[in-house]
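Listed below are the residues making up each chain.
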Amino acid sequence: MKLSIVIPCYNEEKNVELIHDAVVKLFYSKKISYEMIFVNDGSRDNTIGELKKLVDKNEANIKVVNFSRNFGKEAAMYAGLKESKGDYVSIIDADMQQNPSLLLKMLGILEENENYDSVAAYPEKRKESKVLVFFKKIFYKLINKIVEIEFVDGASDFRMFKRPMVDAILSMQEYCRFSKGIFSWVGFNTYYMPYQVSERVNGTSKWSFWKLFKYAIDGIVSFTTAPLRMATILGLFISFGSFVYFLIVIIQTVICGIDVPGYASLIGISLLLGGIQLLSLGIIGEYLARNYMENKKRPIYIAREVLETKKAKK
Ligand code: UDP
Ligand code: MG
């Protein structure tokens, strides 16, 4: 098997056939053996019914991993990579925002360049709200400052890997998965390819601002313990400052006697310290929670069933 195409699907009943047909058409006259691995991530619509139809159609090698519930795109990508057999493995969204014909371009790049182990596509122009773009920029600036590995601004999950890199990604068994970090943590050489994002054909995007915010925190906490150190350093500074201030107050009291006013500074300082303490506690909590989840050693996903075409016609 030359190429495995992993397609995570969550509520994509109207799209799976479109992308299936597009891929079949794309490879129709090419002598490239390929398989499509659809991961049904606990869709609430009839995605699985549509996928079963595609398996019955038997036009290409298809595997369907049907999750027992929604485990998230990260888990879906992991499952797809795990089931893949190709020398090259690609991940593409089911919603046709990423033109399948780019798969050939990615394959070409990897075949022609021995030095590259993966291709990551990044959107040329973003059709996102200015606020979101602004926050994303800040996130990447921040994370790249504190993390040893590099996060490339805007690089999507639309990627293709050579087999050794896939095996490296699979060897990372963590439960709280942050793929963008994992892809870059494993190393290897990645070629960044700009591409034009199309509009979603059917259905709606599953990302809300809040989800993205949580995702950003996951990314930071998964790949650096810098925030913990920040709490330590902040604590040190504040303790030192407080000590100096305490000395000043004592000296003032001794020299000028007791001074009653000072309500504003008192309330200000206690609020500030209270806030910083809560923040530090929160940071510790984030790490503790991750540790707790990882320690349970739960599986990354649970499949209800795995369906496969017997032997493709072509
Ligand atoms: N997806 C998934 N599980 C989820 C959410 C999304 O498998 O919990 C899939 C979804 O079906 C699509 C891809 O991940 O194929 C990207 O999702 P979406 O289009 O919502 O993200 P966007 O393109 O807006 O970033
Ligand atoms: Mg999309």
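Refer to the preceding data block for the structure.
Residues numbered from 1 in each chain as written. Chains lettered and ligands numbered in written order. Predicted model: local features only at pLDDT ≥ 70, side-chain atom pairs only at ≥ 80, totals over all residues. Heavy atoms only, no water.

Engineer: Mind showing me how you'd approach the site of ligand 1 here?
Structural biologist: Neighbouring residues of ligand 1: 16 residues in total, closest Glu12, Asp41, Asp95, Gln97 and Ser205. Asn70 places a polar side-chain atom, nitrogen or oxygen, 3.2 Å from an oxygen atom of ligand 1. Asp95 places a polar side-chain atom, nitrogen or oxygen, 2.6 Å from an oxygen atom of ligand 1. For ligand 1, whose unbound accessible area comes to 530 Å², protein coverage reaches 86%. Looking at the shell around ligand 1, its residues break down into 5 nonpolar, 4 polar and 7 charged. (Near = heavy atom within 4 Å. Polar contact = N/O pair within 3.5 Å; in protein donor to acceptor, adjacent residues only side chain to side chain. Areas by Shrake-Rupley, 256 points an atom, 1.4 Å probe, with all protein chains shown as cover. Nonpolar A, V, L, I, M, F, W, Y, C, P; charged D, E, K, R; others polar.)

Engineer: Help me understand the pattern of salt bridges in this model?
Structural biologist: Pairing between side chains of opposite charge can happen when their charged atoms approach one another. Counted by the stated rule, this structure contains 13 salt bridges. Sharing partners across several salt bridges, the network here consists of Lys73, Asp93, Asp157 and Lys180. (Salt bridge = Lys/Arg side-chain N within 4 Å of Asp/Glu carboxyl O.)

Engineer: I would appreciate a short explanation of the packing of helix H9 (residues 226–256) against helix H10 (residues 263–295) in the present structure.
Structural biologist: To describe two helices that pack against each other, one gives the angle between their axes and the distance between the axes. Where H9 contacts H10, the two axes come as close as 9 Å, and the packing angle between them is 155 degrees. Classified by the interaxial angle, the pair formed by H9 and H10 is roughly antiparallel. The two elements H9 and H10 cross, and the hand of that crossing is left-handed. Counting all contacts with H9, which are made through Ala226, Pro227, Leu228, Ala231, Leu234, Ile238 and Tyr245, the residues of H10 involved are Ser265, Ile269, Leu273, Ile276, Ser280, Ile283, Ile284 and Tyr287. Residue classes in the contact of H9 with H10 are distributed as 13 nonpolar, 2 polar and no charged. (Axes fitted to C-alpha atoms, helices over the stretch in contact; angles between N-to-C directions. Helix = DSSP H or I, 4+ residues; strand = E, 2+ residues; numbered from the N terminus. Parallel < 35°, antiparallel > 145°, perpendicular 65-115°, else oblique. Left-handed = near helix turned anticlockwise from the far one by under 90°. Contact = heavy atoms within 4.5 Å.)

Engineer: How should the environment of Asp93 be read in this particular structure?
Structural biologist: Tracing the backbone through its elements, the reader meets Asp93 in the loop between strand S4 (88–91) and helix H4 (102–112). You can call Asp93 buried: its relative accessible area is 16%. Separated by 87 residues in sequence, Asp93 and Val6 have C-alpha atoms that sit 8.4 Å apart. Once you skip the residues sitting within four places of it in the chain, Asp93 turns out to touch Ile7, Ile19, Lys73 and Gln98. (Buried < 20%, exposed > 50% of the residue type's maximum accessible area, 1.4 Å probe, protein only.)

Engineer: Just to check I follow, could you spell out the coordination of the magnesium ion (ligand 2) for this structure?
Structural biologist: Six octahedral donors around a metal ideally subtend angles of 90 or 180 degrees, whereas four tetrahedral donors ideally subtend 109.5 degrees. At this site the magnesium ion (ligand 2) is bound by Asp95 (OD) and Gln97 (OE1), with donor distances of 1.8 to 1.9 Å. Using a relative accessible area of 22% as the deciding quantity, one classes Gln97 as partly exposed. (Donors = N, O, S within 2.8 Å, 3.2 Å for Na, K, Ca; no water.)

Engineer: I would appreciate a short explanation of the pairing of strand S1 (residues 3–9) in the present structure.
Structural biologist: In regular strands, side chains alternate between the two faces of the sheet. Most of S1 is tucked away: 7 of the 7 residues are buried. Neither face of S1 is left uncovered, since the one carrying Leu3, Ile5, Ile7 and Cys9 and the one carrying Ser4, Val6 and Pro8 both have all their residues buried. Bridge analysis of S1 against strand S2 (residues 34–40) gives 7 bridges, and the strand direction is parallel. Among the inter-strand pairings, Pro8 is bridged to a residue of S2, identified as Val39. This β-α-β element, S1 to helix H1 (residues 16–27) to S2, shows right-handed connectivity. Pairing of S1 with S4, which is carried by 4 bridges, proceeds in the parallel orientation. The residue of S4 that forms the bridge with Ile5 is Ser90. (Pairing = 2+ DSSP bridges. Right-handed = clockwise from strand over helix to strand, strands pointing away.)

Engineer: How should the sheet that holds strand S3 (residues 61–67) be read in this particular structure?
Structural biologist: By definition, the strands of a sheet pair up through backbone hydrogen bonds, in either a parallel or an antiparallel sense. The strand order S7-S5-S6-S4-S1-S2-S3-S8 describes an open sheet built from 8 strands, whose pairing is mixed. What marks the edges here is a single partner per strand, and that holds for strand S7 (190–195) and strand S8 (303–308). The average angle at which neighbouring strand axes cross in this sheet is 20 degrees, direction not considered. Bridge analysis of S2 against S3 gives 6 bridges, and the strand direction is parallel. Looking across to S3, one finds that Asn40 is bridged to Asn66. Lying on the sheet, H1 is in contact with S1, S2 and S3; it crosses S2 at an angle near 170 degrees. With respect to the sheet, helix H6 (residues 163–170) is in contact with S4, strand S5 (118–123), strand S6 (159–162) and S7, its orientation differing from that of S6 by roughly 100 degrees.

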